[in-house]
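Fold and geometry: a report
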Amino acid sequence: MTKTKQQKLKDFIINNGVIIVMFILVIYTGLTSSNFFTTGNLMNILMNMSSRLVIALGIAGCVITGGCDLSAGRMIGFGACIAGTLLQRMDYSGKFFPDMEPMNVFLVALIVMLICSVFGAITGFFIAYLSVPPFISTLAMMEIVYGINMIYTNATPLGGYVKEYTNVAGGKFLGINYLIWIALIVAAITWFIFNMTRHGKYMYAIGGNAQAAEVAGVPVKKNLILVYMKAAAMYGLAGFMLGAKAGGVSVQTGYGYEMEAIAACTIGGVSVTGGRGKVSSAFIGVAVFELLKVALQYLGVDANAQFIAIGVVIYVAISLDIRKYVAKK
Amino acid sequence: MAEYKLELKGICKSFPGVRALDNVQLSLRPGTVHALMGENGAGKSTLMKCLFGIYKMDAGEIYLDGEKIEVNNPDEAMKHGIAMVHQELQPVPARSVGENLFLGRFPIKKFGPLKLIDHKTMYAETERWLKEVKMDFDPKAQLGSLSIGQMQSVEIAKAVSQQAKVVIFDEPTSSLSDNEVEALFRIMNDLREKGVTMVYISHKMDEIKRIADDITVMRDGTYVGTWPAAEMTTDQIITKMVGRELTNVYPPKESTPGEVIMEVKNLSSIHSKSFQNVSFTLRKGEILGFGGLVGAQRTELMEGIFGIRNVASGEIYMNGKKLKIKHPIDAMNAGIGLITEDRRGNGIFGCLSIKDNVGISVYNKFLKAGFVLNHKDINKIVDDNIKKLSIKTPSMKEHIANLSGGNQQKVIVSRWLANDPDVLIMDEPTRGIDVGAKHEIYEIMNDLAKQGKAIIMISSEMAELLGMADRVCVMCNGKLTGEIDKPEDMTQAKVMSYATQF
C-alpha cells in the first residue's frame, strides 16, 4: 500500500508534532523579543542544556532497559556536594575541610563519578539479582543518597570554589564553553555505547524482551547493573557540572531533575515500555524542554503558569509519540 | 424453534501474511456438545475468538436462533448469551473467587446517593452458582490459591451464572488431571440436560468420543465437514483432520545418524511434578523427536538442559565431556542452541529490527579491538540468512513485529544458524505458521542434519513428529515413557500409547 502525499504529510506532522510546535514557538519568540536570537542567549541555553543532557542520557539508558531512575536528582546533589567540598579555595572562610588543599579538578570529577557509580551498582544489584522493581529500587536509593549527603555536608551550603573549577563552566575552547564540550563528549560516548558495543545492543534487547534476552544468551543481570552504574556516574558528572556553573551548591541541588529528565527522554521518543530510544531522543527532549522554558520567560508568561505549559507539552508529546507504537486492532 | 441454536456462515479472517479462516461454517444443534477438531493452527481458536468478539472477522455472518446478530466485543457476545471458557484462563488471581465471578457486573446496593458493591449478595450468589456446578469451595478464597481445574470451574460457574445459552470450551482439559476432567464432563452433561449448547475444542480423541454429539473438522483454516460423533471412528476423524498424504509434506532426508554427540543422564527438575530421571542420547546428523501430550514437561526438560530452569540432579555430556550449565550462556558455549516454543514470549524482540533479532546472540563473535561491534560483518551474515531462508522483508532494518509468524520464526532460526551450534533444540518449530513456511523450516532442519548437526525437535503435531524424526522419545507427566527407533514402529498409536501411560 503506497501512501499519498497528503497521508505522508499527515504522518510527518504527527511524528514530529512537538518539534514543529517548538520551532514555531522559538521563531515567534525570536521575532517578538529583540534579544532572543543573540549569541549570549544561545550560549546560555546550551550551557543549561549541557548538564540536563548528561542526566537525560543516563536516565535514557535505564528507560531503554524498561526501568527508570528516581535517584538521579539526589545523586546529582550528592555529586555536586562532593565536588564542592573538595574544590574550595584555601582563603574561603566557610571552607568545609579547612586544612585540605583543593584537589585537581579532573581528579575530583573522576572521584565523584566513581563514588556515584558505586551507589548505582547497588541500585542495579537489587534490580538485577533481587528482582526489586526499578521504580522501588531507585526510590530507596534516592532516600539513602539524600541521607548520606545530609550527614556528609551537615546540610551546609558550599561555595568559594577555586578558579579552576568555576572555569569548567566559564572557560572556552574554540569559542564554546567547556561545559558544552563535556556534554558533547558524553553524548558521543553514549552514542558509541548504544550503537557500537554489545552492552548497547543488550540494553535494547533487555528492554524489548528480557526473557528472550536471557534465552538468547545475554548476561541480563550484569548488563542491568552496568546500566545503573553508568547512569549514576553520569549523574555525578552532571552534579559536578552544575556546581561549576552555579559556583555554589547545597544538598537540594538537583532536586526534581530526575522527573524532568524522564519527561525529556519520553518527549524525545525514548519508550517508557523499553527497547526504544536514541541519543538524539534525549537531545531533542532536553532541547524542547529548555527552549520552552526560555521562550515562555521571554514571552513574559507567569513563572507558575510555565509549569502548566510544561505539563501540557508532556501530555501532547507522549500522546502523539505513543500513537506510533500502539498496534491497531 | 430454529433448527440450529447458533450458525456461523462464511467466516473469513486474515492476519498479516496468513489466511487464518477461509469461508468457514459451523452449525450447532440446540442442547448438544459440538466438538470442533483440527490440527494445531487449523483455526479453531481463531474461529471461536471471532464468534466471541475478541477478533473482528473480515467477512461472515452469525445467526442465533435463526436471527442474525452482530458481535463486536466479548461484552456483546455475553449479552447474547454466549460465554467462553478460555484455553489460557484470564482471571484475576489476586482477587477472590466471588470477585472473579462477578467481575464487570458486581451486585450493587444503594447507600444514600452512593452505589456500593453488595459483598453479601455477591458471595451468597457465588456460593449458589458454585453449587450449581457442584463445586463447593470458599467463595472468599483467593482465586490464585486454587488449582487450574478449580479455576476452570469458576469460569464455568461464571458462564452458567450469566444464563449463557452457548458455552465455548477452548481446550479445557489440556492442563487438567483425570479427576478434574471427570468433574468437567459431569458439569457439561448437566448443562446439556438443561438445554445449553456447547462447543468443545480438544485434541483428545477419547474425550471427544465420550462427550460430543456432533463433530466439525477444520483444516488449514477451511471447513472440512460436520458429522454425528457416533458415526465416526477415531481413524476417520484423524484422516479428515490431516487430510493429506504424509509423505508429500515432509522433504526426504539425506543423512544418517552418526556418532553420539550429546548424552543426558537422569536429569531431574527441582520440582517433583516436572521432568524426573530423564535420560537419552543424541547422534550427529540425527533429528530426535520428542512427543507427548501438552503438559508432558518436554519444554521444561529442554529449558532445563539449556540452563533456563533449575536442575536438581543429573548430568549432561557433550562429546563425552561433562557440562556444567547454569545459564543459557554456558549451554551456548558448549554448542547448544534453543528455539523456544513461545515465540512472542521469549523468542523475538518485537520492537527491534531483524538485524538485532539475529545478531543478539552472536554479537560476541563480531568484535573489533575486543569491544567495538563489527557492523559490516554482522550485516553480511544477516543478509546471507535473509536470502538463504528467503525471509520476506524489505530490509534487515524492518521491525520483526511487522513480519508474519513464519518469517519471524525464520529470523529466530537465522539467529541460531549464525550462532552455529552443534546441537539445536527446536521446541514446536512450526507452531502457528503457514504451510509454506513449515516446509521451508523442514528443509532447513534436513539441511542442518546433513551438515552433521544434531537436532532435537519437540512437536505436538503427530504427523510432523513421525514425518521428520529419525527417532522419537515420548514423555508423559515428566517421565520418559518410551523410545521408538525402528521406522516400522513409528505410528501414531505407538506414540499415543507411550504418551498416555500415567
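Residues numbered from 1 in each chain as written. Chains lettered and ligands numbered in written order. Predicted model: local features only at pLDDT ≥ 70, side-chain atom pairs only at ≥ 80, totals over all residues.

1. As for the overall build of chain A
Looking only at helices and strands, chain A features 14 helices and two strands. Based on the C-alpha atoms only, the size of chain A along its principal axes is roughly 75 × 60 × 35 Å. By residue count, 47% of the 329 residues in chain A fall in the buried class. Contacts in chain A between residues far apart in sequence, at least 24 positions, make up 77% of those at least 6 positions apart. (Helix = DSSP H or I, 4+ residues; strand = E, 2+ residues; numbered from the N terminus. Buried ≥ 20, exposed ≤ 12 C-beta atoms within 10 Å, placed from the backbone. Contact = placed C-beta atoms within 7 Å.)

2. Digging into the overall build of chain B
Across its full length, chain B holds 18 helices and 24 strands. In terms of overall size, chain B behaves like a compact globule, its C-alpha atoms giving a radius of gyration of 25 Å where 502 residues would be expected to give roughly 23 Å. For chain B, the spread of C-alpha atoms along the three principal axes comes to 75 × 55 × 45 Å. For chain B, with 502 residues in total, the buried portion stands at 44%. Within chain B, contacts between residues at least 6 apart in sequence are counted, and of these 69% link residues at least 24 apart. (Rg over C-alpha atoms; globule rule 2.2 N^0.38 Å.)

3. Examining unusual backbone geometry
Phi angles above zero are rare outside glycine, and S131 of chain A is one such case at about 55°. The topology assignment puts S131 of chain A in the loop between α5 (105–129) and α6 (134–153). In the Ramachandran plot, N277 of chain B falls in the positive-phi region, its phi being about 50° despite a non-glycine side chain. The residue N277 of chain B is located in the loop between β13 (260–269) and β14 (278–283) in this model.

4. A few points about the domain arrangement of chain B
Each domain of chain B was delimited in the assignment, giving domain 1 (6–246) and domain 2 (258–335 + 421–499). Relative to domain 2 of chain B, the C-alpha centre of domain 1 of chain B lies at a distance of 33 Å. (Domains from an automatic or database assignment.)

5. Describing the interface of chain A and chain B
Between chain A and chain B, the residue contacts involve 18 residues of the former and 24 residues of the latter. Looking at the side of chain A that touches chain B, the elements that each hand over two or more residues are α9 (198–208) and α10 (210–215) of chain A. For the side of chain A that touches chain B, the element with the most residues is α9 of chain A, which contributes five residues. Residues belonging to the side of chain A that touches chain B are distributed by class as follows: eight nonpolar, six polar and four charged. (Nonpolar A, V, L, I, M, F, W, Y, C, P; charged D, E, K, R; others polar.)

6. Topic: helix α3 (residues 39–64) of chain A
Here α3 of chain A spans 35 Å end to end across 26 residues, near enough to the 38 Å set by a 1.5 Å rise per residue. G66 of chain A occupies a position one or two residues after α3 of chain A and carries a positive phi of about 90°. (Expected span 1.5 Å × (residues − 1).)

7. A look at the sheet that holds strand β3 (residues 33–37) of chain B
Residue and element names in this part refer to chain B. Pairing is mixed in the open sheet, where six strands are placed in the order β6-β9-β10-β3-β11-β12. Looking along the sheet, the strands with just one partner apiece sit at the ends: β6 (82–85) and β12 (222–228). Between one strand and the next, the sheet's axes are offset by a mean angle of 20°, whatever the strand orientation. Note that β3 and strand β11 (residues 214–219) share four bridges and pair parallel. Note on β11: the bridge partner recorded for A35 is I215. (Pairing = 2+ DSSP bridges. Axes fitted to C-alpha atoms, helices over the stretch in contact; angles between N-to-C directions.)

8. With respect to the sheet that holds strand β16 (residues 311–318) of chain B
Residue and element names in this part refer to chain B. Taken in spatial order, the four strands make up an open sheet running β14-β13-β16-β17, and their pairing is antiparallel. If you trace the sheet from one side to the other, it starts and ends with β14 and β17 (321–323), each paired once. The average undirected angle you get between the axes of adjacent strands in this sheet is 20°. The pairing of β13 with β14 spans five bridges and is antiparallel. By the bridge assignment, E263 is partnered in β14 with T281.

9. Observations regarding the packing of helix α2 (residues 17–32) of chain A against helix α13 (residues 279–298) of chain A
All names here are of chain A. Remark: α2 packs on α13, axes separated minimally by 10 Å, with the N-to-C direction vectors making an angle of 35°. Taken as a pair, α2 and α13 cross one another with a handedness that is left-handed. Each of V18, I19, M22, L25, V26 and T29 in α2 lies in contact with α13, whose residues at this interface are I284, V288, L291, L292, A295 and Y298. Here the contact of α2 with α13 is composed, by residue class, of 11 nonpolar, one polar and no charged. (Left-handed = near helix turned anticlockwise from the far one by under 90°.)

10. Describing helix α4 (residues 119–132) of chain B
Along an α-helix, residues three or four positions apart point the same way, because every turn accommodates 3.6 residues. Residue and element names in this part refer to chain B. Between its terminal C-alpha atoms α4 stretches 20 Å, which fits the 20 Å expected from 14 residues at 1.5 Å a residue. Along α4, the residues that are buried comprise M122, Y123, T126, W129 and L130. Down the axis of α4, the smallest arc covering the buried residues is 125°, so these residues share one side. Residues of α4 that are exposed and angled more than 90 degrees away from the buried face: K120, R128 and K131. (Arc of directions from axis to C-beta.)

11. Focus: the nonpolar core
One finds I55, A56, I59 and A282 of chain A together with I455 of chain B to be the most contacted residues of the largest nonpolar core, which totals 177 residues. Sort the elements by how many residues they give to this core and helix α11 (residues 220–246) of chain A lands first, with 18 residues. The contacts of A56 of chain A, once residues within four sequence positions are left out, are A261, A264, C265, A282, G285 and V286 of chain A. Counting 65 residues, the second largest nonpolar core, distinct from the first, contains V33, V166, I208 and Y223 of chain B. (Core = buried A, V, L, I, M, F, W, Y, C linked by C-beta atoms within 7 Å.)

12. Quick word on the environment of M318 of chain B
Residue and element names in this part refer to chain B. Looking at the element boundaries, M318 is found in strand β16. Distance in space between the C-alpha atoms of M318 and K194 is 60 Å, their sequence separation being 124 residues. Beyond its immediate stretch of four places on either side in the chain, M318 contacts I261, M262, L323, A334 and G335.

13. Details of the confidence of the model for chain B
Across chain B, the average pLDDT comes to 84, with 94% of residues at 70 or higher. Complex prediction metrics read pTM 0.76 and ipTM 0.79. (pLDDT = per-residue confidence, 0-100.)

14. Topic: the packing of α9 of chain A against α11 of chain A
All names here are of chain A. With their axes 10 Å apart at the nearest point, α9 and α11 run at an angle of 105° to one another. Here α9 is positioned roughly perpendicular relative to α11, judged by the angle of their axes. Across from H199, Y202, M203 and I206 in α9, the residues of α11 making contact are V220, N223, L224, L226 and V227. (Parallel < 35°, antiparallel > 145°, perpendicular 65-115°, else oblique.)

15. Quick look at the pairing of strand β8 (residues 114–117) of chain B
All names here are of chain B. Bridge count for strand β7 (residues 108–111) against β8 is four bridges, and the pairing is antiparallel. Across the sheet, residue K109 finds its bridge partner in β8, namely L116. What sits between β7 and β8 in their antiparallel hairpin is a turn of two residues, with G112 showing a positive phi close to 60°.

16. Examining the confidence of the model for chain A
When pLDDT is averaged along chain A, the result is 87; 97% of the residues meet or exceed 70. α5 of chain A holds the highest mean pLDDT among the elements of chain A, 94, whereas helix α1 (residues 5–15) of chain A holds the lowest, 77.

17. As for the pairing of strand β22 (residues 454–458) of chain B
All names here are of chain B. Among the five residues of β22, five are classified as buried, and the element is accordingly described as predominantly covered. Taken together, the four bridges between strand β15 (residues 287–291) and β22 define a ladder with parallel strand orientation. Counted as the bridge partner of L288 is I456 from β22. Relative to β22, strand β21 (residues 423–427) runs parallel, the two sharing five bridges.

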